[in-house]
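Residues per chain, in single letters:
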Amino acid sequence: MNGSITFTMIKPSAVESNFTGPILKMINESGFRIKAIKLTQLSKERAEAFYGVHAGKPFFDGLVEFMSSGPIVAVILEKENAILDFRTLIGSTNPADAAPGTIRKIFAKSFTENAIHGSDSDENALIEGSFFFSEMEQF
Ligand code: IDP
Ligand code: MG
């Protein structure tokens, strides 16, 4: 888990609230370099596939509904120790538990609408990045 690449999505509520710029600024100022970026929207089917590991959990339907409700910004990021440093920068999944100064603490609306995604392993960064970027294998 000490590779130099991670994948993130700025989630629909944060894009809708015009937080894309401020969030990317925090990411850059924390030492991450943008390798690829795109504004796009997930269909319900693609949101279900992306979050397939959570299928059947009580929050799954609401998560899929939310994640397909509007545009997201998908980003490949590079930094030494990318996975763990990025998870630290975004904070806990539940923004109520997120540390002060973290992206989720500052920009989240709720547990589900928690502003941003971050990959949890090198393996998942590759899978998730490839979900949006055909050139992922090059990074
Ligand atoms: P992560 O995004 O911090 O890796 P995961 O457990 O992988 O957290 O969950 C994926 C996403 O599903 C979360 O970011 C959040 O949007 C949503 N989620 C997870 N657990 C809950 C919950 O208990 N209630 C509501 N939404 C949840
Ligand atoms: Mg996760």
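In the block above lies the structure referred to throughout.
Sequence positions are assigned chain by chain, starting from 1 and proceeding in written order. The order in which chains are written sets their letters, starting at A; the order in which ligands are written sets their numbers, starting at 1. Local features in a predicted model are, by the rule used here, given only for residues with pLDDT of at least 70; side-chain atom pairs are given and counted only at 80 or more, and totals for whole chains, interfaces and linings are based on all residues. As a rule here, side-chain values cover all heavy atoms of the structure and leave hydrogens and water aside.

Asks: Can you walk me through the pattern of salt bridges in this structure?
Replies: Any two side chains of opposite charge can pair, on the condition that their charged atoms come close. Definition used for salt bridges: Asp or Glu carboxyl oxygen within 4 Å of a side-chain nitrogen of Lys or Arg. With the rule as written, the count across this model stands at four salt bridges. In this structure, Glu29 engages Lys25 in a salt bridge whose closest nitrogen and oxygen atoms are separated by 3.0 Å. Note that Glu29 and Lys25 are positioned in helix 2 (residues 20-29) at a spacing of four residues, about one turn of the helix. The residues Glu29 and Lys25 share a single accessibility class, namely exposed. The residue Lys35 makes a salt bridge to Glu78 at a minimum N-O spacing of 3.8 Å. In this text, helices come from DSSP runs of H or I with a minimum length of four residues, and strands from runs of E with a minimum of two, each type numbered from the N-terminal end. Only protein chains enter the accessibility calculation, which uses a 1.4 Å probe. A residue is then buried if its area is under 20% of the maximum for its type, exposed if over 50%, and partly exposed in between.

Asks: Help me out: how do you make sense of the environment of Ile116 in this one?
Replies: Turning to its location among the elements, Ile116 is positioned in strand 4 (residues 116-118). The class of Ile116 is buried, set by a relative accessible area of 0%. When the C-alpha atoms of Ile116 and Thr8 are compared, they prove to be 6.9 Å apart, with 108 residues separating the residues in sequence. The contact rule is simple, with two residues in contact once any of their heavy atoms fall within 4.5 Å. Apart from residues lying up to four places away in sequence, Ile116 is in contact with Thr8, Met9, Ile10, Lys11, Ile23, Ile27, Phe86, Ile90, Ile103 and Arg104.

Asks: Which parts of the structure should I look at to understand the layout of surface pockets?
Replies: To find leftover empty space, one rolls a probe the size of a water molecule over the atoms. Note on definitions: the grid is 1 Å and covers protein atoms alone; a cavity is a set of points where a 1.4 Å probe fits but cannot get out; a pocket is an open set with protein on both sides within 12 Å along at least five of seven lines; lining residues have an atom within 4 Å of a point. Grid points are joined across faces, edges and corners, and a volume is the space filled by probe spheres set on the points. Estimates place the volume of the largest pocket at around 580 Å³. Elements supplying a minimum of two residues to the lining of the largest pocket: helix 3 (44-50), strand 4 and helix 7 (122-132). Ranked by the residues each element gives to the lining of the largest pocket, the list is headed by helix 7, at four residues.

Asks: Could you clarify how one ought to interpret the site of ligand 1 in this entry?
Replies: Definition of nearness: a residue and a molecule or strand are near each other if at least one heavy atom of the residue lies within 4 Å of the molecule or strand. Taken together, the residues surrounding ligand 1 are Lys11, Tyr51, His54, Phe59, Leu63, Arg87, Thr93, Arg104, Phe111, Thr112 and Asn114. Any pair of nitrogen or oxygen atoms within 3.5 Å is treated as a polar contact; in protein, a donor-acceptor pairing is required on top of that, and neighbouring residues in sequence qualify only through side-chain atoms on both sides. Side-chain polar atom of Thr93 to an oxygen atom of ligand 1: 2.5 Å apart, as the coordinates give it. Whether a molecule sits in a cavity or pocket is decided by its atoms, more than half of which must lie within 2 Å of the grid points. When atoms are counted within 2 Å of each cavity's grid points, the one that captures over half of ligand 1 is the largest pocket. In this classification, the charged set is Asp, Glu, Lys and Arg, the nonpolar set is Ala, Val, Leu, Ile, Met, Phe, Trp, Tyr, Cys and Pro, and all remaining amino acids, among them Gly, are polar. Among the residues forming the shell around ligand 1, the class breakdown is four nonpolar, four polar and three charged.

Asks: How should I be thinking about the packing of aromatic side chains in this particular structure?
Replies: Ring pairs (aromatic) are described by centroid distance and by the angle formed between their planes. The aromatic pairing rule takes the rings of Phe, Tyr and Trp, using the six-membered ring of Trp, and pairs them if the centres are within 6.5 Å, calling planes under 30 degrees apart stacked, those over 60 edge-to-face and the rest tilted. One pass over the full model with this rule turns up eight aromatic pairs. For the ring pair Phe7 and Phe132, a centre distance of 5.3 Å and an interplane angle of 15° mean the geometry is stacked. A residue pair is termed long-range when its members are at least 10 positions apart, and Phe7 in strand 1 (residues 5-10) and Phe132 in helix 7 qualify at 125 residues. Accessibility assignment for this pair places Phe7 and Phe132 in one class, buried. Feature note: the residues Phe7, Phe50, Tyr51, Phe131 and Phe132 constitute an aromatic cluster, connected by ring pairs. Whether a charge sits over a ring depends on NZ of Lys or CZ of Arg being within 6 Å of the ring centre and within 35 degrees of the ring normal. The positively charged end of Lys38 is found above the aromatic ring belonging to Phe133, 4.8 Å away from the centroid. The ring of Phe32 is capped by Lys79, whose NZ or CZ atom sits 5.6 Å from the centre of that ring.

Asks: Before we go on, may I ask you to explain the side chain of Glu128 in this structure?
Replies: With respect to the element layout, Glu128 can be found in helix 7. Although Glu128 lies buried, it forms no salt bridge, and the closest oppositely charged side chain, Arg87, sits 7.5 Å away as judged by the N-O distance. Within the structure, the side chain of Glu128 is placed 2.8 Å from the side chain of His117, a separation counted as a polar contact. Excluding residues that lie within four positions of it along the chain, Glu128 makes contacts with Phe7, Phe50, His117 and Ser119. The charge count includes Lys and Arg as positive and Asp and Glu as negative, but it does not include His or the ends of the chains.

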